[in-house]
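Spelled out from the first residue to the last, the chains are:
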Amino acid sequence: MATVSLKGIKKVYDNKVTAVHSFDLEISDKEFIVLVGPSGCGKSTTLRMVAGLEDISDGDLYIGGRRVNDVSPKDRDIAMVFQNYALYPHMTVYENMAFALKLRKLPKDEIDKKVREAAQILDISQYLERKPKALSGGQRQRVAIGRAIVRDPQVFLMDEPLSNLDAKLRNQMRAEIIKLRQRINTTFIYVTHDQTEAMTLGDRIVIMKDGFIQQIGTPQQVFEHPANLFVAGFIGTPQMNFFDAKLERQGDSYSVKCLDAVMKLSEETQAKLKANNVAGGDVTLGIRPEHIVFASQAGPDTLTGTVDVSEMMGSELHLHVAVKDGVDVVLRVPTTDLPKEWKAGIPYGTQVHFTFRDDLIHLFDPASTDNLIPFHSEAARTEEQNAAQGRK
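This one's a predicted model, so the numbers in the text were calculated from it and none came from an experiment.

Rules used throughout
Residues numbered from 1 in each chain as written. Predicted model: local features only at pLDDT ≥ 70, side-chain atom pairs only at ≥ 80, totals over all residues. Heavy atoms only, no water. Pairing = 2+ DSSP bridges. Helix = DSSP H or I, 4+ residues; strand = E, 2+ residues; numbered from the N terminus. Axes fitted to C-alpha atoms, helices over the stretch in contact; angles between N-to-C directions. Phe/Tyr/Trp six-rings, centres within 6.5 Å; stacked < 30°, edge-to-face > 60°. Buried < 20%, exposed > 50% of the residue type's maximum accessible area, 1.4 Å probe, protein only. Lys NZ or Arg CZ within 6 Å of the ring centre and 35° of its normal. Contact = heavy atoms within 4.5 Å. Parallel < 35°, antiparallel > 145°, perpendicular 65-115°, else oblique. Left-handed = near helix turned anticlockwise from the far one by under 90°. Nonpolar A, V, L, I, M, F, W, Y, C, P; charged D, E, K, R; others polar. Salt bridge = Lys/Arg side-chain N within 4 Å of Asp/Glu carboxyl O. Expected span 1.5 Å × (residues − 1).

(A) Region of interest: the pairing of strand S2 (residues 17-27). Where strand S1 (residues 4-13) and S2 come together, seven bridges link them in antiparallel fashion. Looking across to S2, one finds that Leu6 is bridged to Leu25. Linking S1 back to S2 in an antiparallel pair, the connection comprises three residues, with Asp14 at a positive phi of about 55°.

Here's what the structure looks like:
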């Protein structure tokens, strides 16, 4: 198994189009890292540079402490699982999984042992004599993963392996990958545009946009403490609500005016703002739909609006509420918290009052889009120091 180190990695096409800018990342042995972001953000290009399928324009790549910039893909001791399975259609499942081992001229009994062990782990032993066309999408993806497992590589690379599957199968295969990771316990680098996959699979998540890293952190860190507006809007379903607001400071006390309401801020939030010497002024306020709570009546810290859309999701209700100036606010409310008459949904035009959890309000600088309430746990500080060291 191995560590992977990307130091200032850059990819430029035709000397003019930069797909990845100065990518710095230290991946520990046996860590599961997920690269996530919208289409065209550079995540697959980064993975392909690690695999050796794309040349590195600048920077250094180390696998297991060895610089591999100029090492061919077959000599990097990695295995890659592709989005489209990439199985040989004329070969059986057994032959597909054994092919790379035959090229390495391993003894037949060793090949057989490795293939059957991998098939047992992935529960595809019964399909070993079938050809890919006789398998479902999920079964084909298991075969593709099995073909990677038998090679016993230092690093597994996965490029959106579940995106061709339907929703139910994706959920099942996510669980399979989590089980697989626990069984083979190796280093994984996984690329996806699906934030659910990123949040459920990754030890740490690397969020990318336009070839730049926006934030690196655990799933909980990036959800609770997004570094900027992009991360805040990208992570979380439904998306975080954003408002033009004004931060007001009186001595050491802060509050924030949002539309017609003056929202209180928790003591912890105020202490962080004070520690960073944040002045009053225009801000972008962010609040997640699940952190908005109903109020029994209007008050100075509440907003009032009318229900436009009520989406019943079973365990929860997604409400679109129109407030002042045509602003649409999305609320995510557990059905267990609803009064009996609203269990099946809240009728169109119903007036509701609501406020924000004072400890879960996010404030962003409108100009830089950075979070004004940064996260500074000991672990986060260590990560920042490691990243800074990697850039030197």
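So that's the structure; there's more coming.
(B) Layout of the sheet that holds strand S16 (residues 303-312). Reading across the sheet, the five strands line up as S15-S19-S16-S17-S18 and stay open at both edges, with antiparallel pairing between neighbours. A single partner strand is all that each edge strand has here, and the edge strands are strand S15 (292-295) and strand S18 (328-334). Within this sheet the neighbouring strands show an average axis-to-axis angle of 50°, counted without direction. When strand S17 (residues 316-322) meets S18, the two strands line up antiparallel, connected through seven bridges. Looking at S18, one finds that Val321 is bridged to Val329.

(C) Region of the structure containing the pairing of S1. Of the pairings in the sheet, the one linking S1 to strand S4 (residues 58-63) comprises five bridges and is antiparallel in character. Along S4, the bridge assignment pairs Lys10 with Asp58.

(D) Main features of the packing of aromatic side chains. As enumerated under the stated definition, the model contains eight aromatic pairs in all. Centre to centre, the rings of Tyr88 and Phe99 are 5.1 Å apart; their planes meet at 65°, and the pair counts as edge-to-face. Highlighted residues: Tyr88 in the loop between strand S6 (78-81) and helix H2 (93-103) and Phe99 in helix H2, separated in sequence by eleven residues. Both rings, one in Phe230 and one in Phe234, keep their centres 5.6 Å apart while their planes meet at 20°; by these two values the pair is stacked. Taken together, the residues span about one helical turn, with Phe230 and Phe234 both in helix H8 (residues 229-234) at a distance of four residues. Across the pair, Phe234 and Phe230 agree in class, each one buried. Following the ring pairs from residue to residue traces out a cluster consisting of Phe32, Phe156, Phe188 and Tyr190. Lying over the aromatic face of Phe223, Arg288 brings its terminal NZ or CZ to 4.1 Å of the ring centre.

(E) Geometry of the sheet that holds strand S14 (residues 281-287). Taken in spatial order, the five strands make up an open sheet running S13-S12-S11-S14-S20, and their pairing is antiparallel. For this open sheet the edge positions go to strand S13 (261-264) and strand S20 (362-364), each flanked by a neighbour on one side alone. Here the strands of the sheet are splayed against their neighbours by 40° on average, with no regard to which way each runs. Pairing geometry for strand S11 (residues 241-250) and strand S12 (residues 253-258), over six bridges, is antiparallel. Bridge assignment links Glu248 to a residue of S12, and that residue is Ser255. Lying on the sheet, helix H9 (residues 267-275) is in contact with S11, S12 and S20; it crosses S12 at an angle near 105°.

(F) Geometry of the packing of H2 against helix H3 (residues 108-122). Two numbers describe how H2 lies on H3: the axes approach to 10 Å, and their chain directions differ by 135°. On the basis of the axis angle, H2 is oblique to H3. In the packing of H2 onto H3, the handedness of the crossing is right-handed. Touching Tyr94, Met97, Ala98, Leu101 and Lys102 of H2 are Ile111, Asp112, Lys114, Val115, Arg116, Ala118 and Ala119, all from H3. Across the contact of H2 with H3, the residue classes break down as eight nonpolar, no polar and four charged.

(G) Representation of the pattern of salt bridges. For the coordinates displayed, the defined rule picks out 19 salt bridges. We note a salt bridge from Asp29 to Lys30, for which the minimum N-O separation is 3.1 Å. For Asp29, a relative accessible area of 34% gives the class partly exposed. A relative accessible area of 32% places Lys30 in the partly exposed class. For Asp260, the salt bridge goes to Lys324, with nearest N and O atoms at 3.0 Å. A residue pair is termed long-range when its members are at least 10 positions apart, and Asp260 in the loop between S12 and S13 and Lys324 in the loop between S17 and S18 qualify at 64 residues. When its relative accessible area of 56% is taken as the criterion, Asp260 is described as exposed. Counted as one network, the salt bridges with shared partners bring together Lys11, Arg48 and Glu54.

(H) Structural view of the side chain of Thr284. When you line up the elements, Thr284 lands in strand S14. Classification of Thr284 by relative accessible area gives buried; the value is 10%.

(I) How the structure looks around H3. Taking 1.5 Å as the rise per residue, H3 with 15 residues should run 21 Å; its terminal C-alpha atoms sit 21 Å apart, in good agreement. The inward-facing, buried residues of H3 abut H2, helix H4 (137-149) and helix H5 (167-184). At the C-terminal side of H3, Asp123 shows a positive phi close to 60°.

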